[in-house]
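The residues making up each chain are set out below.
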There are 2 protein chains.
Amino acid sequence: MNLVLLPASSQIGAQLTVTDPRRLKHLKEVHKAAPGHSLSVGLENGPMGRARLDALDDESAIFTIEHLDTPIPAPLPVHVVLALPRPRMLARSLENMAALGVKQITLLHTRRVEKSYWQSPELAPDKLTHHLILGLEQCKDTRLPTVTLEKRFKPFVEDRLPGLLESAQGLFAHPGETYACPHGRALDAPPVVLAIGPEGGFIDYEVEAFRAADMQGIHLGSRILRVETAVVSLLSRLF
Amino acid sequence: MNLVLLPASSQIGAQLTVTDPRRLKHLKEVHKAAPGHSLSVGLENGPMGRARLDALDDESAIFTIEHLDTPIPAPLPVHVVLALPRPRMLARSLENMAALGVKQITLLHTRRVEKSYWQSPELAPDKLTHHLILGLEQCKDTRLPTVTLEKRFKPFVEDRLPGLLESAQGLFAHPGETYACPHGRALDAPPVVLAIGPEGGFIDYEVEAFRAADMQGIHLGSRILRVETAVVSLLSRLF
């Protein structure tokens, strides 16, 4: 991990103080931090820079800030609407989306999403945040994506999607569509709402609902990719 | 999995016969195949089509071929030279590269590759093939990539790389390079040799060796991605 990302409340003057046991464990086990180390640090949704770890024990970690003026990378202009994948694939997809700079994520129920996935402990807010933080720590970014759960397809598409599309272009990835996923959108192009289906894809009704909302179907060629691979592939081609 | 990929030796006339216990387990557990099912089948490095599973028990599986004339997707014109990642990341990267259509893979030692990775059981030929088959079964392709192990950087770069570059363009991915990874290479562009570093990147000596071989450095922006994410991201942008 390339960045230690801490809650904004950690900062007290020129020091950062961590007492949350989960964060302390993360500092020791993931970052292998030790007193004396100078580390890249960031505050959630705040600035980023470097700090020296002065003390680390079972109760707390104390850093002295060296500076907090490293530029934050630009977000991707995209809202990903992802059919809820199975838990392990969700975890990796959240990390990848956070690392690639996605800031809005909707997890959507579609017909081919197994209903049991909605009961997964991976959907608890602190679990979601944990995976997003791993992604941000990997890519050195501090702005946490927002994750919205939409357990019903129709109310999402009819009531919320039109608002999202007011100032964005809608795309949905679906094998067999006419148009290939475009490469390298212009920087001044409108933001994108990108819908990605589950293993097995969207059903016809869902495809028609996206089309009725003026979204455009795109494909990634004849090869069928796993969802977590397709997410990275689509975002890397579009931006 | 979208395709059952079997050894070419399985075909006897209009039937496919499987007796290898590992393949039988894979058929039952991964494909959840049952007699009567019509399945997409392919023969390794051979044709692809559909077959009906007539019988499946602990000793053998017998299919009757329905047809073997489904078009095989085109390979990506790229040879990936990947610094050997840690074993779990290697497994996923092999699956992803196979699924995306990569047919030549070299696993390379570089300074920041942990030497212990070369002792991993994941490097046994049948383990490598297993992960490649999972990737091909995902994307519906039959042509197995070749994997070459290069345990010494210098002899590879000095003795083998020049030959690979005779009819290809060399690119190496490295943060901080001047040029961004290009988007969507033209179909008539020469094939690519694409070098991708380990966690922590190439060292200066390695970068200079690639440059001396006339390879061009490219970057993926300021975000540092995990190797398995970078592999998919680079291939999806280039092709």
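Each value, and the rule that gives it
- Residues numbered from 1 in each chain as written.
- Chains lettered and ligands numbered in written order.
- Predicted model: local features only at pLDDT ≥ 70, side-chain atom pairs only at ≥ 80, totals over all residues.
- Heavy atoms only, no water.
- Domains from an automatic or database assignment.
- Contact = heavy atoms within 4.5 Å.
- Buried area = accessible area lost by both parts, 1.4 Å probe.
- Salt bridge = Lys/Arg side-chain N within 4 Å of Asp/Glu carboxyl O.
- Polar contact = N/O pair within 3.5 Å; in protein donor to acceptor, adjacent residues only side chain to side chain.
- Helix = DSSP H or I, 4+ residues; strand = E, 2+ residues; numbered from the N terminus.
- Nonpolar A, V, L, I, M, F, W, Y, C, P; charged D, E, K, R; others polar.
- Pairing = 2+ DSSP bridges.
- Buried < 20%, exposed > 50% of the residue type's maximum accessible area, 1.4 Å probe, protein only.
- Least-squares fit on C-alpha atoms with pLDDT ≥ 70 in both.
- Axes fitted to C-alpha atoms, helices over the stretch in contact; angles between N-to-C directions.
- Parallel < 35°, antiparallel > 145°, perpendicular 65-115°, else oblique.
- Left-handed = near helix turned anticlockwise from the far one by under 90°.

Chemist: Can you walk me through the domain arrangement of chain A in this structure?
Modeler: Accessible area lost during the coming together of the parts is what is often quoted as the interface size. Residue and element names in this part refer to chain A. By the assigned domains, chain A splits into domain 1 (4-67) and domain 2 (78-238). One C-alpha centre belongs to domain 1, the other to domain 2; they are set 32 Å apart. The partner domain 2 presents 11 residues to the 14 residues of domain 1 that form the contact. In total, domain 1 and domain 2 occlude about 960 Å² of area from one another, counting both sides; carbon and sulfur atoms represent 57% of this. The largest share of the area that domain 1 buries against domain 2 comes from Leu5, Asn45 and Met48, three residues that together contribute 49% of it. In this structure, the connection of domain 1 to domain 2 is made through zero salt bridges. Linking domain 1 with domain 2 are seven residue pairs in polar contact (both at pLDDT 80 or more). Among the elements of the structure, strand 1 (4-6), helix 1 (21-29) and strand 4 (38-43) are those that each provide at least two residues to the side of domain 1 that touches domain 2. Within the side of domain 1 that touches domain 2, the residues separate by chemical class into five nonpolar, six polar and three charged.

Chemist: Explain the interface of chain A and chain B to me, please; I cannot follow it from the model alone.
Modeler: Contact with chain A, which involves 28 residues of that partner, is made by 28 residues of chain B. Counting every contact that joins chain A to chain B gives four salt bridges. The closest approach of N and O atoms between Glu95 of chain B and Arg226 of chain A, which form a salt bridge, is 3.7 Å. Summed over the shared surface of chain A and chain B, the result is 17 residue pairs in polar contact (both at pLDDT 80 or more).

Chemist: Help me understand the environment of Ala212 of chain A in this model?
Modeler: Within the element layout of this structure, Ala212 of chain A appears in helix 5 (residues 204-212). A C-alpha to C-alpha distance of 27 Å links Ala212 of chain A and Arg226 of chain A, two positions 14 residues apart in sequence.

Chemist: What is the right way to read the sheet that holds strand 1 (residues 4-6) of chain B from this model?
Modeler: The strands making up a sheet are joined through hydrogen bonds of the backbone, oriented either antiparallel or parallel. All names here are of chain B. Taken together, six strands build an open sheet; the order of strands is 1-4-5-6-3-2 and the sheet is mixed. Each edge of the open sheet is held by one strand with a lone partner, namely strand 1 and strand 2 (11-12). For strand 4 (residues 38-43) and strand 5 (residues 48-56), the ladder comprises five bridges, and the chain directions are antiparallel. For Gly42, the partnering residue across the bridge sits in strand 5 and is Met48.

Chemist: Even after reading the chapter, I still don't get the pairing of strand 10 (residues 169-173) of chain B, so can you show me in this structure?
Modeler: Moving residue by residue along a regular strand, the side chains alternate between the two faces of the sheet. Residues and elements named next belong to chain B. Summarising burial for strand 10: four of the five residues are buried, a large majority. Sheet topology note: the strand 10/strand 12 (residues 192-196) ladder contains five bridges and is parallel. Along strand 12, the bridge assignment pairs Leu171 with Leu194. The pairing of strand 10 with strand 13 (residues 216-219) spans three bridges and is parallel. Opposite Leu171, over in strand 13, you have Gln216 as the bridge partner.

Chemist: Please explain the relation of the copies chain A and chain B as it appears in this structure.
Modeler: One copy of the chain maps onto the other through a rotation about an axis plus a displacement along that axis. Mapping chain A onto chain B calls for a rotation angle of 180 degrees and an axial translation of 0.0 Å; the resulting RMSD is 0.0 Å. Taken together, the rotation and translation relating the two chain copies correspond to the operation of a two-fold axis. When each C-alpha of chain A is compared by its distance to the rotation axis, Arg237 of chain A comes out closest, at 2.5 Å. Of the residues that chain A buries at the interface, 100% are likewise interface residues in chain B, meaning the two copies contact each other through the same surface.

Chemist: Would you take a moment to explain the packing of helix 1 (residues 21-29) of chain B against helix 3 (residues 125-139) of chain B for this structure?
Modeler: How two helices sit against one another is set out by the angle between their axes and by the gap between those axes. Residue and element names in this part refer to chain B. Where helix 1 contacts helix 3, the two axes come as close as 14 Å, and the packing angle between them is 30 degrees. Viewed along their axes, helix 1 and helix 3 adopt a mutual orientation that is roughly parallel. In terms of crossing hand, the pair formed by helix 1 and helix 3 is right-handed. For the pair helix 1 and helix 3, contact is made by Arg22, Arg23 and His26 and by Asp126, His130, Ile133, Leu134 and Glu137, respectively. Along the lines of polarity and charge, the residues of the contact of helix 1 with helix 3 split into two nonpolar, two polar and four charged.

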